[in-house]
Amino acid sequence: MLKVRIIPVLTFNGISLVKTKQFSNPRIVGNPIQAAKVYNSRNVDELVFVDINATKQNRKINLPVVKKVIDECFMPVTIGGGIKTLDDINNLLRIGADKVLIKTMALNNLNFIVEAVKYFGSQCISIAVDVIKHESARYIFDRNDNKILLEQFMNDINKCEVGEIILTSVNEDGMMQGYDLELINTVVNMTKVPVVSLGGAGKLSHFEELAARGYDGAYAAASIYHFTQYTPREVKLILKNSNIPVRL
Amino acid sequence: MIVIIDYGMGNIASVEKSIKNIGRDVIISNDINIISNASSIILPGVGSFKQGMENLIQRNLINVLTEEVIKKKKPFLGICLGMQLIMDKGYEPVETDGLGWIKGEVIPIENQKLPLPHLGWNNIYSNGVKEDNIDNNFFFIHSYHVTLNESVETTFVDYEFPIVASLKKDNIFATQFHPEKSQNAGLDLLNNFFTSHA
């Protein structure tokens, strides 16, 4: 049986690991290579590593650092940040990335996503869907403040045959008060590709709440692993208790 | 020396890292002399079937691979796309001839409920014994799967229906999953393969 994937997320500012709250106020949380080593030893199912400043600072991701992170990992790794060209993707795959995570280019140039899928295959193209709730409407979080509706973006993405969606609730990011279940439900019902849920996990019960919805994709988190005593293994154990298939 | 075939289809570095981790000498190459002199051959790969075949053809690799694997019976490990390409034919994205070492085709997974691609950790089994533990869970990521038209040794994985997870025939061993991404279970499998062919 396919297992629910438990995925820690590392966000990088180009120098250190950081953890944001609602995509602002980055707090330094350590060294990426050390963190990757620890997660590998804990048998996490995958790792996501994103340089959250690369696009904003108009620079490429630091390939030597990324390579050192990947070298610590014998599980799949998704890398994101500043991807603009097919060469950028190829450079990441060549140093051992399994998937690349793309956001800005998906907003600016959907044809690029179509090209990337055609060349590298669906399986290695993941799209970051960062959603911010404003009054009752849901938009894609965008520093240029283009008000792209979630539904419109999902319609676009659904045409591209991407391999995976990493769905982040910007409102819940770093708040540790639970996933936005309504958002996850909405997005899962909008697409056939696997959805990774991210944003809000702060307690073990938050993972149980996701599982109780019967959703069996992937549960990602960052703050809980940085700021509490819980590890991905404890998340798996609590899920196994609820008869959710996990890899233990 | 084990050679990992470099034909521009991604994922090579992780395979190299795993082989080094199990203490074997390995080289990434598409040089015909190096391939001819290698002790065993790994064909990794992610991407589309058609692109994979085109890249092998462009780099003049079809003849040397067939010579070494089929005629000289060198140990061969195909991973993911590298498993699919040894079949007669694939359909991603259009009908394309494969290497044809194993009789069968590579067709889309057509499932009713579960998402595509088949992505994540899943347990493999043979002879209907479906144990599920950390030792037989491997990482899968694919939207196409192999259907066999000849009888070879196989393991399966369930994703609404049983999908071929690995196949073995003489010197050929191939996995739909990624042993190089499957932590200790994958490293053990690689070690067993190269130990049994040492």
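Residues numbered from 1 in each chain as written. Chains lettered and ligands numbered in written order. Predicted model: local features only at pLDDT ≥ 70, side-chain atom pairs only at ≥ 80, totals over all residues.

(A) Inspection of helix H1 (residues 12-21) of chain B at higher detail. For H1(B), the buried fraction is high: 7 of the 10 residues fall into the buried class. Turning to H1(B), its buried residues are B:Ile12, B:Ala13, B:Ser14, B:Val15, B:Glu16, B:Ser18 and B:Ile19. Buried residues belonging to H1(B) abut helix H3 (86-94) of chain A together with strand S1 (2-5), strand S2 (26-29), strand S3 (40-43), strand S4 (76-79) and helix H6 (183-196) of chain B. Trailing H1(B) by a residue or two, B:Gly23 shows a phi angle of about 80°, which is positive. (Buried ≥ 20, exposed ≤ 12 C-beta atoms within 10 Å, placed from the backbone. Helix = DSSP H or I, 4+ residues; strand = E, 2+ residues; numbered from the N terminus. Contact = placed C-beta atoms within 7 Å.)

(B) The sheet that holds S3(B), seen in detail. All names here are of chain B. As summarised here, the arrangement of the 9 strands in space is S2-S1-S3-S4-S13-S12-S11-S8-S9, forming an open sheet in which the pairing is mixed. Each having just a single partner strand, S2 and strand S9 (137-142) make up the two edges of the open sheet. Geometrically, the sheet is characterised by an average inter-axis angle of 30° between neighbouring strands, direction not taken into account. When strand S8 (residues 118-125) meets S9, the two strands line up antiparallel, connected through 6 bridges. (Pairing = 2+ DSSP bridges. Axes fitted to C-alpha atoms, helices over the stretch in contact; angles between N-to-C directions.)

(C) Highlighting the pairing of S8(B). Residues and elements named next belong to chain B. Here S8 lies mainly inside the structure; 7 of its 8 residues are buried. Summarising the sheet, S8 and strand S11 (residues 153-159) pair through 2 bridges and their orientation is antiparallel. Residue Tyr125 lies in a different strand from S11, and its bridge partner there is Phe156.

(D) Layout of the interface of chain B and chain A. In this assembly, 31 residues from chain B lie in contact with 28 residues from chain A. For the side of chain B that touches chain A, a count of residues per class yields 13 nonpolar, 14 polar and 4 charged. (Nonpolar A, V, L, I, M, F, W, Y, C, P; charged D, E, K, R; others polar.)

(E) Region of interest: the sheet that holds strand S6 (residues 96-97) of chain B. Residue and element names in this part refer to chain B. The 4 strands lie next to each other as S6-S5-S7-S10, forming an open sheet whose pairing is mixed. Edge strands, defined here as strands with exactly one partner in the open sheet, are S6 and strand S10 (144-148). Both strand S7 (residues 102-108) and S10 contribute to a ladder of 5 bridges, which runs antiparallel. Directly across from Ile107, in S10, lies its bridge partner His145.

(F) Geometry of the environment of B:Asn136. Residue and element names in this part refer to chain B. With respect to the helices and strands, Asn136 occurs in the loop between S8 and S9. Along the sequence, Asn136 and Lys71 sit 65 residues apart, while their C-alpha atoms lie 32 Å from each other. The residues contacting Asn136, other than those within four sequence positions of it, are Asn123, Ile124, Glu131 and Ala185.

(G) Looking closely at unusual backbone geometry. Residues and elements named next belong to chain B. The omega angle of the peptide bond from Glu92 to Pro93 is -10°, so this bond is cis rather than trans. Mapped onto the fold, Pro93 is located in the loop between strand S5 (87-90) and S6. Of note, the amide linkage connecting Leu116 to Pro117 takes the cis form, showing an omega dihedral of 0°.

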